[in-house]
Amino acid sequence: MSIQIKNVWKEYGQRVILEKVSLKVEQGEFCTLVGASGCGKTTFLRMLLAEEQPTRGQILIDGEAMPAEPGPDRGVVFQRYSVFPHLTVLQNVMLGMEIEQSPFWGRLSGSAKKQAEAEARSMLESVGLTHVCNHYPDALSGGMQQRLAIAQALIKKPRILLLDEPFGALDPGIRADMHDLILDLWKQTGITIFMVTHDIKEAFHLGSRLLVFDKVRHDPQEPAAYGASITYDIPLETKGSRRMYPEVRKVVTVSEHKADRNSAMLLLQKEAA
Ligand SMILES: Nc1ncnc2c1ncn2[C@@H]1O[C@H](COP(=O)(O)OP(=O)(O)OP(=O)(O)O)[C@@H](O)[C@H]1O
């Protein structure tokens, strides 16, 4: 599934959040998104999810206009995902399938239920939660809750997975485990991933492509007059166990805002060294 973003803008009233965003992403790419707080990364994900519509421009999926509603081909995991507290881990994962296959009753019976349970158990095994499948979410650690959120998103077999700082609230050790998990799942499924992170190291470590969101134009009198765009698009290649950092590709000329730009570039170059 290829995704093409053609000159997309997002404005809320007079406020421009994103402007002139153009991008082509092929099936199976792992895009990590970084940028200053409030620059529109979540808004960008929400447009990919069809929770928000661009005010200008177009998003095409396999060359077709994107459906106007969120659909099962797109799964999402937020930093704090609200799993259903009154359902066990297994029931939480099964619920996605039950609602999809039986939208009216929200539950399955007979062989369809057995099949759904087998799939849910297998998904829980791949995220390492088999041992807690009959527990309620309250009894799980933060890392386990995020594993459950990932299982819930993946059980519907989406073609695109949208991750909004999914590991931001986790301790470093648990984060490392989650990195291994998400890389394994990405390699196994060939799914396309977009992941927002504030951790530049994480962005380099996980992504096959790093997208930097920043404002190209600034009006100090009117900060909301211009939106952010993708200013750097950095391909990251994995060769065996060694990750290669090819030269940074600058997408647009970044403006007067030199202080920010220079510090961002220093950081990127340091990470790449
Ligand atoms: N529904 C909305 N109506 C008006 N403004 C909105 C709406 N949703 C988001 N915004 C504004 O759009 C801007 C971008 O928000 P967004 O959450 O996309 O940024 P972000 O880059 O993800 O930030 P962070 O890194 O802090 O999560 C913010 O200033 C926010 O207040």
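Under an unreviewed UniProt entry, the name given to the protein chain is ABC transporter, ATP-binding protein, and the organism recorded is Mariprofundus ferrooxydans PV-1.

Colleague: For this particular structure, what's the right way to read the overall build of the protein chain?
Modeller: A tally of helices and strands in the protein chain yields seven helices and 12 strands. In the protein chain, which comprises 273 residues, the proportion classed as buried is 33%. A sequence separation of at least 24 residues applies to 67% of the contacts in the protein chain between residues at least 6 apart.

Colleague: What's the story with the environment of Gln91 in this structure? I'm lost.
Modeller: The residue Gln91 is located in helix H2 (residues 89-101) in this model. Along the primary structure Gln91 and Gly13 are separated by 78 residues, whereas in three dimensions their C-alpha atoms are 42 Å apart.

Colleague: Quick question: what am I supposed to make of the environment of Trp186 here?
Modeller: Note on placement: Trp186 falls in helix H5 (residues 172-189). Sequence spacing of Trp186 and Val212 is 26 residues, and the spatial spacing of their C-alpha atoms is 21 Å. Once you skip the residues sitting within four places of it in the chain, Trp186 turns out to touch Phe30, Ile191 and Ile193.

Colleague: I keep staring at helix H1 (residues 41-48) and nothing clicks. Help me out?
Modeller: An α-helical turn contains 3.6 residues, so any two residues separated by three or four positions project in the same direction. For H1, the complete set of buried residues consists of Lys41, Phe44, Leu45, Met47 and Leu48. Looking straight down H1, one finds that the buried residues subtend no more than 160° of arc, so they occupy a single side. Ala50, located one to two residues past H1, shows a positive phi value of around 70°.

Colleague: What exactly am I supposed to notice about helix H3 (residues 110-126) here?
Modeller: The terminal C-alpha atoms of H3 lie 25 Å apart, and with 17 residues this matches the ideal 24 Å at 1.5 Å per residue to within 8%. The complete set of buried residues in H3 reads Ala116, Ala120, Met123 and Leu124. For H3, the angular spread of the buried residues around the axis is 100°, confining them to a single face. For H3, exposure combined with an orientation more than 90 degrees from the buried face picks out Ser111, Lys114, Ala118 and Ser122.

Colleague: Got a minute to help me understand the site of the ligand in this structure?
Modeller: Around the ligand sit Tyr12, Ile17, Gly35, Ser37, Gly38, Cys39, Gly40, Lys41, Thr42 and Thr43, and those are all the residues in its vicinity. In terms of residues, the shell around the ligand owes the most to one element, H1, which gives three residues. Of the residues in the shell around the ligand, the class split is three nonpolar, six polar and one charged.

What counts, and where the lines are drawn
Residues numbered from 1 in each chain as written. Predicted model: local features only at pLDDT ≥ 70, side-chain atom pairs only at ≥ 80, totals over all residues. Helix = DSSP H or I, 4+ residues; strand = E, 2+ residues; numbered from the N terminus. Buried ≥ 20, exposed ≤ 12 C-beta atoms within 10 Å, placed from the backbone. Contact = placed C-beta atoms within 7 Å. Arc of directions from axis to C-beta. Expected span 1.5 Å × (residues − 1). Near = placed C-beta within 6 Å. Nonpolar A, V, L, I, M, F, W, Y, C, P; charged D, E, K, R; others polar.

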